[in-house]
Amino acid sequence: MTLLGILYFVAMFGIIAALIWSGIELLRNEEDPLDDRLNELQAHAMVSTAARAPKRKSGGGFVNSVLYFISLLPGGEDWIHETDRELAQAGIRKRQATVLFALFQALFTFTLFALMMYLQRDNPPINKLVGGVIVPFLLGWLLPKQILHRLVRRYRQKLQEALPDTVDLLGIVLGTGLALDQAMMRVSEEMEFIYPELAAEFATVVMQVKAGQERAKAFQQLVRRTGIEDIKSLSAMIIQSERFGTSLSQALKVYADALRQRRRLRAEAAVAKAGIKMLFPIILFILPVLFVVTLVPGVLSMLQNLRGGIGAR
């Protein structure tokens, strides 16, 4: 087998494995009704915003031109809004992020298409159609989306891990007599190098309030950006405390203890799942190698003995 054939075999194995993994990730249904309800509310908010948004116009720079061209495609406007939302939930909120993601997806798809067509230049036309057109298109569409979903989950996990300590510190700072905005800014400054993601979110809320936006609306936008149920509960607690004039510092201390308990339960659940997750790699990769290492020397020795045993000259 030539080197090109080996590379082709490895590439096809990677493509099939990536397709199977992407299909499992897309079809997997996680039972989380609170998260489903939050995503539904976000979808309605995005639809209403899109309905009120003016129609895109050409010109206005490279970014606007690319977005206008994408919006002309079937389903392009929905793709732009969905990608904007997911990039925001991944902590990427630059204006040109959607355009860069679209260009990366197009370049990745074209690179896969060119590579597969080169590897299958001597194959029949039906193989070129499947391996050179359909497979690169599916991978070019699915893999960048899966990477973005992974970034969203990682960003949410970082916020989730930072929330108990940050809420506890916020309650302590509020107990010293500072106002809510000053306390959140102080917590953001203290947590900037420890939990930069949540510190940036708190600083964004404070900047929005200082710019004249209502605090309730600023916290609602925080919930939409992050998509975390614990932050939604924290926002509701702060808004209700401001509305009814109740003490917030003591409530935050109790809530921080509850968040730590939830974090401990999540860690215990992850440890309990580790044994089941390790079962399949052990069966597929470790046990076959173990069998080869332990059985092949014995089999070779037995064959050698039989070759020089009864009936040998």
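Scroll up for the structure.
Calculation criteria
- Residues numbered from 1 in each chain as written.
- Predicted model: local features only at pLDDT ≥ 70, side-chain atom pairs only at ≥ 80, totals over all residues.
- Heavy atoms only, no water.
- Phe/Tyr/Trp six-rings, centres within 6.5 Å; stacked < 30°, edge-to-face > 60°.
- Helix = DSSP H or I, 4+ residues; strand = E, 2+ residues; numbered from the N terminus.
- Buried < 20%, exposed > 50% of the residue type's maximum accessible area, 1.4 Å probe, protein only.
- Axes fitted to C-alpha atoms, helices over the stretch in contact; angles between N-to-C directions.
- Parallel < 35°, antiparallel > 145°, perpendicular 65-115°, else oblique.
- Left-handed = near helix turned anticlockwise from the far one by under 90°.
- Contact = heavy atoms within 4.5 Å.
- Nonpolar A, V, L, I, M, F, W, Y, C, P; charged D, E, K, R; others polar.
- Patch = residues over 30% accessible without salt bridge, like charges linked within 9 Å, V, L, I, M, F, W, Y side chains within 5 Å.
- Areas by Shrake-Rupley, 256 points an atom, 1.4 Å probe, with all protein chains shown as cover.
- Salt bridge = Lys/Arg side-chain N within 4 Å of Asp/Glu carboxyl O.
- Core = buried A, V, L, I, M, F, W, Y, C linked by side-chain atoms within 4.5 Å.

**Section: the packing of aromatic side chains**
One pass over the full model with this rule turns up two aromatic pairs. Note on Trp79 and Phe101: the rings are 6.1 Å apart at their centroids and 25° apart in plane angle, and the pair reads as stacked. Of this pair, Trp79 sits in helix 4 (residues 76–89) while Phe101 sits in helix 5 (residues 97–119), placing them 22 residues apart in sequence. Looking at Trp79, the relative accessible area reads 10%, which means it is buried. When the ring of Phe104 is compared with that of Phe108, the centres are 6.0 Å apart and the planes differ by 20°; the resulting orientation is stacked. Of the two residues, Phe104 and Phe108 are both situated in helix 5; the distance of four residues between them amounts to about one turn of the helix. Overall, Phe108 belongs to the partly exposed group, its relative accessible area being 25%.

**Quick notes on the packing of helix 7 (residues 180–190) against helix 8 (residues 196–210)**
Between helix 7 and helix 8, the shortest axis-to-axis distance is 8 Å and the interhelical angle comes to 150°. It follows from the interaxial angle that helix 7 and helix 8 lie roughly antiparallel. Pair helix 7 / helix 8 crosses with left-handed handedness. Judged by residue contacts, Asp181, Met184, Met185, Val187 and Ser188 of helix 7 engage Ala199, Phe202, Ala203, Val205, Val206, Met207 and Val209 from helix 8. Partitioning the contact of helix 7 with helix 8 into residue classes produces 10 nonpolar, one polar and one charged.

**Describing a nonpolar patch on the surface**
Residues Ile276, Met278, Leu279, Phe280, Ile282, Ile283, Leu284, Phe285 and Ile286 make up a contiguous nonpolar surface patch of roughly 930 Å² in combined accessible area. One can find Ile276 in helix 11 (residues 249–307). On the accessibility criterion, Ile276 (58% relative accessible area) is exposed.

**Description of the side chain of Gln160**
Of note, Gln160 is situated in helix 6 (residues 125–175). On the basis of relative accessibility, which here comes to 17%, the residue Gln160 falls in the buried class. Apart from residues no more than four positions distant in its own chain, Gln160 is found in contact with Ile228, Asp230 and Arg266.

**Considering the nonpolar core**
The biggest cluster of nonpolar side chains holds 35 residues, and the ones touching the most others in it are Val167, Leu170, Met184, Ile231, Leu234 and Leu252. For this core, the secondary structure elements donating two or more residues are helix 6, helix 7, helix 8, helix 9 (215–226), helix 10 (229–244) and helix 11. The leading source of residues in this core is helix 6, at eight residues. In this view, Leu234 contacts Leu163, Val167, Phe202, Leu252 and Tyr255; residues no more than four positions away in its chain are not counted. Counting residues in hydrophobic clusters, the runner-up holds 14 residues, among them Ile70, Leu87, Ala90 and Val99.

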